[in-house]
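# A structural walkthrough
In case you want the letters, here they are:
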Amino acid sequence: MEFSLAFYNNRNKTIYIKNPKELRGFSALRQILLHEYIHHFVNHFWRNPPLWFNEGMAVYFSGDMGIDREFNFAKNYILGNSRPLEMMKYGYPKNRIEWESFYAKSGLAVKYLYKQRRQEFYKFWDYALPERNFDSAFLKSFFFTSKDFSVFFEEYSKTHFRMEILLASTGIIWGILPLVLIIGVIRKKIKSRKIKAQWEEETEELLESE
């Protein structure tokens, strides 16, 4: 609770949440409760779900996978604060700087499975039963192990990362373009005034010499 607004305890099947007075309104409370309930949902059906899948389900399906989180993933990818899914199975990074990258990458992994492999994703949940083996159902549904998916998703992340940087760069360019044009117009006006003043000065000198 020191670093979170809420958490789910799988041992006693209980959601613990901070005082609602410390939250940002009831909309935030709803999203937080949905996030924690999804943890309960995942743990109810699977005996050994990897942490990346558990967090990814909670982040993506609670609506917490916004564009800001995806850009954050791109930033952390550049800084080297991203690790393969296979290293995200049993625990959170010791360095809290990597936590946001952990959540973002987990959410993106589940987003990929849901968006790009929709039928297999539904098939995977058709296999769901309390205490069912996650790895076995994952292999039957997606036809690769979670370890193989980790390798594949690293390559996908590189492509996704490049696209995020490209989109971000394009957005920055279009954002500053009006400013560049305004600066150009101002500089042109200043230059025109200087030329006009210089002409007036030269004209006065010619008149005085006559």
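In this text, all values refer to a predicted model and were calculated from it rather than measured experimentally.

Next up on the list: the pattern of salt bridges. A side chain of one charge can pair with a side chain of the opposite charge when the charged atoms of the two come close. A complete count under the given rule lists 8 salt bridges for this structure. Between Glu-100 and Arg-69 there is a salt bridge, with its nearest N and O atoms 2.8 Å apart. Placement of the pair is Glu-100 in helix α4 (residues 99-116) and Arg-69 in helix α3 (residues 67-79), with a sequence separation of 31 residues. The class of Glu-100 is partly exposed, set by a relative accessible area of 29%. Judged by relative accessible area, Arg-69 falls into the buried class, the value being 11%. The partner of Lys-158 in a salt bridge is Glu-155, with the nearest N and O atoms 3.5 Å apart.

What follows deals with the pairing of strand β2 (residues 14-17). Bridge count for strand β1 (residues 6-9) against β2 is 4 bridges, and the pairing is antiparallel. Bridge pairing links Tyr-8 to Ile-15 in β2. Following β1, the chain reverses through 4 residues before pairing antiparallel with β2; Lys-13 in that reversal takes a positive phi of roughly 55 degrees.

Cut-offs applied
- Residues numbered from 1 in each chain as written.
- Predicted model: local features only at pLDDT ≥ 70, side-chain atom pairs only at ≥ 80, totals over all residues.
- Heavy atoms only, no water.
- Salt bridge = Lys/Arg side-chain N within 4 Å of Asp/Glu carboxyl O.
- Helix = DSSP H or I, 4+ residues; strand = E, 2+ residues; numbered from the N terminus.
- Buried < 20%, exposed > 50% of the residue type's maximum accessible area, 1.4 Å probe, protein only.
- Pairing = 2+ DSSP bridges.

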